[in-house]
Amino acid sequence: MYPNLRAEMARKNVTLSWLADQIGMNVSTLSEKMNGKAKFTLDEAKKIKKALDVNLSIDELFEKEEDSCK
């Protein structure tokens, strides 16, 4: 659902479990959000960007697959 976010996680060898711990979220909740079953809040997006220490904007990091096909 979020190819750029997944790519950054893979580059940094980050698991859902590690990321969930870093942002104070349950792993199953993070999984639901990553799969598009629930939405990320802006605060959650900022925490994820900080935890991953990426140079992408929040818009780029959280671009959805269908958005990139336009």
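Just above, that's the structure.
Here is what the cut-offs are and how they apply
- Residues numbered from 1 in each chain as written.
- Predicted model: local features only at pLDDT ≥ 70, side-chain atom pairs only at ≥ 80, totals over all residues.
- Heavy atoms only, no water.
- Helix = DSSP H or I, 4+ residues; strand = E, 2+ residues; numbered from the N terminus.
- Rg over C-alpha atoms; globule rule 2.2 N^0.38 Å.
- Buried < 20%, exposed > 50% of the residue type's maximum accessible area, 1.4 Å probe, protein only.
- Contact = heavy atoms within 4.5 Å.
- Lys, Arg positive; Asp, Glu negative; His and termini not counted.
- Charge placed at Lys NZ, Arg CZ, Asp CG, Glu CD.
- 1 Å grid on protein atoms, 1.4 Å probe; cavity = no way out; pocket = protein on both sides within 12 Å on 5 of 7 lines; lining within 4 Å.
- Points joined across faces, edges and corners; volume = space filled by probe spheres on them.
- Nonpolar A, V, L, I, M, F, W, Y, C, P; charged D, E, K, R; others polar.

A. Examining the overall build of the protein chain more closely. A tally of helices and strands in the protein chain yields 6 helices and 0 strands. Traced from its N-terminal end to its C-terminal end, the protein chain shows the element sequence α-α-α-α-α-α. In summary, the protein chain has a C-alpha radius of gyration of 11 Å against a globular reference of 11 Å for 70 residues, a match within 12%. Taken along the three principal axes of its C-alpha coordinates, the protein chain extends 35 × 25 × 20 Å. For the protein chain, with 70 residues in total, the buried portion stands at 29%. Of the contacts formed within the protein chain by residues at least 6 apart in sequence, a portion of 56% connects residues at least 24 apart. Side-chain charges of the protein chain comprise 12 positive and 12 negative groups, with the mean position of each set lying 2 Å from the other.

B. Structural context of the layout of surface pockets. For the largest pocket, the calculated volume is near 150 Å³. Around the largest pocket sit Tyr2, Lys39, Phe40, Thr41, Leu42, Ala45, Ile58, Asp59, Phe62 and Lys64, which together line it. Of the residues that constitute the lining of the largest pocket, the class distribution is 6 nonpolar, 1 polar and 3 charged.

C. The arrangement of the side chain of Lys33 in detail. Take Lys33: it is sitting in helix α3 (residues 27-34). Once residues lying within four places of it in the same chain are set aside, the contact partners of Lys33 are Tyr2, Met25, Ala38, Lys39, Phe40, Thr41 and Glu44.

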